[in-house]
Amino acid sequence: KRSAPILAEVKGVFQNSDSYHIVKPSVEGISKCMSGALHDAQMNPDEIRSLQCHGTGTLLNDQAEWEAIGQVWGQERKNVNIAAIKGQIGHTIGASGCLALAAALGTLSEGYVYPIPNYQSFGSNESGKNDLPRIVTSGNRDPSIQSVMVNAFAFGGTNASLIVSRM
């Protein structure tokens, strides 16, 4: 009625609280959260081509998130663009999820995948192979992206994942 443009459709959302540790994230809790959002959206992991990660830039948090991505996407994780807006703007505490959603909307509308500047590899995963997902280190355009998952996590194991898609 107010002629506002529709930027995206919320396809799926999931939230859990694994209460694993006050500051150490649970790979299982994160994995269940992302899987729950996919289930709610009635989507398969291969339909998500871009992931706006929580991406704090710390070894403890980011490694847990990368391992959870591997659990959910398996071999297809190499086809997912991994981005995190915090690398450009810093950690804005409670606003982080909202800003990550804004970046995801930019990805959907412009096809621009925001980079993680100054990313340094965490090395190999637990299997000894460096087969982590594709980390976007310089902005790129991919107009074929139809859906983006946004992750937002907090102290005490509170996890949220949201999937937005083009209309």
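Below, the structure is looked at part by part. (Residues numbered from 1 in each chain as written. Predicted model: local features only at pLDDT ≥ 70, side-chain atom pairs only at ≥ 80, totals over all residues. Heavy atoms only, no water.)

With that settled, consider helix H1 (residues 27–41). Helix length check: H1 (15 residues) gives 21 Å between terminal C-alpha atoms against 21 Å at 1.5 Å per residue, within 8%. Following H1 by one or two positions, Gln42 has its phi on the positive side, about 55°. (Helix = DSSP H or I, 4+ residues; strand = E, 2+ residues; numbered from the N terminus. Expected span 1.5 Å × (residues − 1).)

What follows is about the environment of Ser26. Its location among the elements puts Ser26 in the loop between strand E1 (9–17) and H1. Apart from residues no more than four positions distant in its own chain, Ser26 is found in contact with Asp18 and Tyr20. (Contact = heavy atoms within 4.5 Å.)

Excluding glycine, most residues fall at negative phi; most peptide bonds, likewise, are trans. Even without being a glycine, Ser19 presents a positive backbone phi close to 50°. Here Ser19 shows up in the loop between E1 and H1. Taking relative accessible area as the criterion, Ser19 reaches 56% and is therefore assigned exposed. (Buried < 20%, exposed > 50% of the residue type's maximum accessible area, 1.4 Å probe, protein only.)

Moving on to the packing of aromatic side chains. Throughout the structure, instances matching the rule amount to one aromatic pair. Between Tyr112 and Tyr114, the ring centres sit 4.8 Å apart and the planes meet at 85°, which makes this aromatic pair edge-to-face. A relative accessible area of 25% means that Tyr112 is categorised as partly exposed. (Phe/Tyr/Trp six-rings, centres within 6.5 Å; stacked < 30°, edge-to-face > 60°.)

This paragraph deals with the nonpolar core. Formed by 24 residues in total, the largest nonpolar core has its most connected members in Met34, Ile69, Trp73, Ile82, Met149 and Ile163. For this core, the secondary-structure elements that each account for two or more residues are H1, helix H2 (59–73) and strand E7 (147–154). What Ile163 contacts, discounting residues up to four positions off in sequence, is Glu9, Val10, Lys11, Gly12, Ala37, Leu38, Ala41, Met43, Ile48, Ser147, Val148 and Met149. In this structure, Ala83, Ala104, Leu108 and Val150 belong to the second largest nonpolar core, which totals 13 residues. (Core = buried A, V, L, I, M, F, W, Y, C linked by side-chain atoms within 4.5 Å.)

It is possible for side chains bearing opposite charge to pair when their charged atoms get close. Using the criterion set out here, one finds one salt bridge in the structure. With a shortest N-O distance of 2.9 Å, Arg49 and Asp142 are connected by a salt bridge. Residue Arg49 is located in the loop between H1 and strand E2 (50–52), and its partner Asp142 is located in the loop between strand E6 (140–141) and E7; the two are separated by 93 residues in the primary sequence. According to the relative accessible area criterion, Asp142 is buried, its value standing at 15%. (Salt bridge = Lys/Arg side-chain N within 4 Å of Asp/Glu carboxyl O.)

Of all eight residues that make up E7, six are buried, and the element is covered over most of its length. Where E2 and E7 come together, three bridges link them in parallel fashion. Its bridge partner being in E7, Leu51 is matched across the sheet by Met149. One ladder, built from eight bridges, connects E7 with strand E8 (residues 158–165); its direction is antiparallel. Directly across from Ser147, in E8, lies its bridge partner Ser165. (Pairing = 2+ DSSP bridges.)

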